Structures are given as structure tokens and as C-alpha cells.
Amino acid sequence: MQTFDSDSFQQRLDAIQSRIHVAAERANRDPAEVQLVTVTKTFPPEAVQVAIQCGCSVLGENRVQEALAKAPLCSSADWHLIGRLQRNKIRHALSLFSTLHSVDSIPLLEDLARIQEETGNRPQILLEVNVAAQPTKIGFTPTAVREAFHVIQDLGCLQVVGLMTVPPWTPDPEASRCHFTALRNLRDSLEQEFSIGLPELSMGMSCDFEVAIECGASFVRVGTALMGKRTAYKPQPKSLDTDDFI
Ligand SMILES: *Cc1c(COP(=O)(O)O)cnc(C)c1O
């Protein structure tokens, strides 16, 4: 495996941070409104530690077990879950993650409400929305997300702070713009309809984070452009998703 050299990591980080600044300024936004989530999935603790030492304080992982195995081997950081949460892993997830970006069902919201009261760990929650209505993607449809907000209001105790989306993959960042705009418009209308604040929009990855910032992203989730290519990562069909240690 390649060694993870902190000078070259720092250079990549500086380059990404300055692109974040430029994109925010282009959109007349304060760059401080955009939080970089460094996506460390599949990278070993030594590499994650380099990222932390270079100043990446918010880390994104897509598997609960993988993150729980790494976290004790790294300096303290703010861990965010960006991948699907299985209902039987909620307790484990709440022991580490401050923020869950990818809550995608009403039963999961109900379980979270119950378990967070038992454990006393109240995460920030974002609902994942399948804005492009892709048949193979997870996430609430824009219609189902309204239903979810009725349930959230009835439950009363969940800290739901915003929405997240993963648009269809494309090499053309401009192709994501309509999906990012759709997420933002959906957020604005939910705020009106339910008289709530939803300040967070988690959208944009290595290939399209600048477009996402122009559309209002508050969290951008950047993996490859910072950490390098993921070699151990093999996306699996949903039914085979096992949350194995990597
Ligand atoms: C892996 C992943 C990312 C990072 O993707 P890159 O293209 O490597 O930046 C962002 N969001 C989610 C949900 C992911 O699973």
C-alpha cells in the first residue's frame, strides 16, 4: 500500500480549501458557511491520522463498523456517517457519530427517536433525498420526505437539521446543478410548510463540490480529491451490503 505523505496531503487540502473559497465567493456566500467533510472510507487509520493532523476535523465514513474500528486509533475528530444506517446498528452509530447524513426511512427515524432517548446521544440528522428519483438509489422521494416531516413533528425529539443528496454519477459537474437546486428548493419549501429551520444541505463530492456550493451546500463530502483513489472499495448491491470491516 502507498504511504500517506503529509506534505502532499497538505497541498491537496490547501488546493481544495481555496477552491471552496473561490466557489463560495462566486456565489456571494461566506466561505465559513461551507464545512468540508473529508471522506476517509476505506483508508487505514494511519492515513486518517495524517488528514486529522493536517487540519481535517470533520470526517465522513459510510460504514458504522469500519469507523468504530478506526476511531480509537486516531486523534479525536468529529465523525459523520454518510452511508446508509441499518436499524440494528443505531446504538453503535450513536456511540461515535455526531451527525447522520443519510437517514432514509420513517422506521429508522422512529428507532432513532427511541434509542437516542435511551443512550442520551442526540445526533444531528439529515434526511437523504433521492431528488433525481433514480430507481436504484436510496433516500426519500420528495413526496415521502414531507410525510417524514409529519412524523418528525409528532416524535418531537429529533434534531433534524437538513437534507442530503447524492445525484446520479456523471463526469460533468454541471449535470448535477439541477439536482442540487432541486434539493435547495425542497428545503426552502419544507421550512415554509413546517415552520422549521433546516440550515444544512449536504451535497457535492470530489467532482462537483464547487457547483454544490454555488447552489447552497453547507457540507461538501470530498473523498478522492483529498485522500486519493480508493482501492479496497467495491460498491455492493444493496442486498449484499454487510458492513464488514475493511
Ligand atoms: C464516498 C462518498 C463520497 C466521496 O466521494 P468522492 O467522489 O470520492 O469525493 C461522498 N458522499 C458519499 C455519500 C459517499 O459514499
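Our subject is the structure listed above.
Residues numbered from 1 in each chain as written. Predicted model: local features only at pLDDT ≥ 70, side-chain atom pairs only at ≥ 80, totals over all residues. Heavy atoms only, no water.

A. Region of interest: the site of the ligand. Close contacts around the ligand come from Val39, Lys41, Ile82, Met164, Val166, Met205, Ser206, Arg221, Val222, Gly223, Thr224 and Arg230, and that covers them all. Ser206 is positioned such that a nitrogen or oxygen atom in its side chain is 2.5 Å from an oxygen atom of the ligand. Arg221 has a polar side-chain atom sitting 2.8 Å from a nitrogen atom of the ligand. Expressed as a share of its isolated accessible area of 390 Å², the protein-covered part of the ligand is 88%. Of the residues belonging to the shell around the ligand, the class tally is 6 nonpolar, 3 polar and 3 charged. (Near = heavy atom within 4 Å. Polar contact = N/O pair within 3.5 Å; in protein donor to acceptor, adjacent residues only side chain to side chain. Areas by Shrake-Rupley, 256 points an atom, 1.4 Å probe, with all protein chains shown as cover. Nonpolar A, V, L, I, M, F, W, Y, C, P; charged D, E, K, R; others polar.)

B. Looking closely at helix α7 (residues 177–194). With 18 residues, α7 extends 26 Å between its outermost C-alpha atoms, agreeing within 8% with the 26 Å of an ideal straight helix rising 1.5 Å per residue. Summarising the contacts, the buried residues of α7 are in contact with α6 (142–155), β6 (159–164), β7 (200–202) and α8 (209–214). Where α7 terminates, the next one or two residues include Ser195, which has phi positive at roughly 50°. (Helix = DSSP H or I, 4+ residues; strand = E, 2+ residues; numbered from the N terminus. Expected span 1.5 Å × (residues − 1). Contact = heavy atoms within 4.5 Å.)

C. A look at the nonpolar core. Core analysis: the largest hydrophobic core is formed by 69 residues, its most contacted members being Phe9, Leu112, Leu127, Phe149 and Leu163. Not counting chain neighbours up to four residues away, the residues in contact with Leu163 comprise Leu126, Leu127, Val129, Val145, Phe149, Leu183, Leu186, Arg187, Leu190, Glu200, Leu201 and Ser202. In this structure, Val58, Leu126, Val161 and Met164 belong to the second largest nonpolar core, which totals 6 residues. (Core = buried A, V, L, I, M, F, W, Y, C linked by side-chain atoms within 4.5 Å. Buried < 20%, exposed > 50% of the residue type's maximum accessible area, 1.4 Å probe, protein only.)

D. Region of the structure containing the packing of α6 against α7. Running from amino to carboxyl end, α6 crosses α7 at an angle of 35°, the nearest separation of the two axes being 11 Å. Relative to α7, α6 is oriented so that their crossing is right-handed. Between α6, through Pro142, Val145, Arg146, Phe149, His150 and Gln153, and α7, the contact on the second element is made entirely by Leu186, Ser189, Leu190, Glu193 and Phe194. A breakdown of the residues in the contact of α6 with α7 according to their chemical character gives 6 nonpolar, 3 polar and 2 charged. (Axes fitted to C-alpha atoms, helices over the stretch in contact; angles between N-to-C directions. Left-handed = near helix turned anticlockwise from the far one by under 90°.)

E. How the structure looks around the pattern of salt bridges. Taken as a whole, this structure holds 16 salt bridges when the rule is applied. Where Arg187 meets Asp188, a salt bridge forms, and the shortest distance between an N and an O atom there is 2.9 Å. Residue Arg187 is classed as buried on the basis of its relative accessible area, which comes to 9%. One salt-bridge network, held together by shared partners, links Arg87, Arg91, Asp111, Arg114 and Glu118. (Salt bridge = Lys/Arg side-chain N within 4 Å of Asp/Glu carboxyl O.)

F. Just helix α2 (residues 45–53), in detail. Most of α2 sits inside the fold, with 7 of its 9 residues counted as buried. Where the residues of α2 are buried, they touch α1 (6–26), β2 (58–61), α3 (64–70), β3 (78–81) and α9 (224–227). Of the residues flanking the end of α2, it is Gly55, one or two places downstream, whose phi is positive at about 110°.

G. How the structure looks around the pairing of strand β8 (residues 219–222). Residues Phe219 and Arg221 point to one face of β8 and Val220 and Val222 to the other, with burial holding for every one of them. Pairing of strand β1 (residues 35–39) with β8, which is carried by 4 bridges, proceeds in the parallel orientation. Note that in β8 the partner of Leu36 across the bridge is Val220. (Pairing = 2+ DSSP bridges.)

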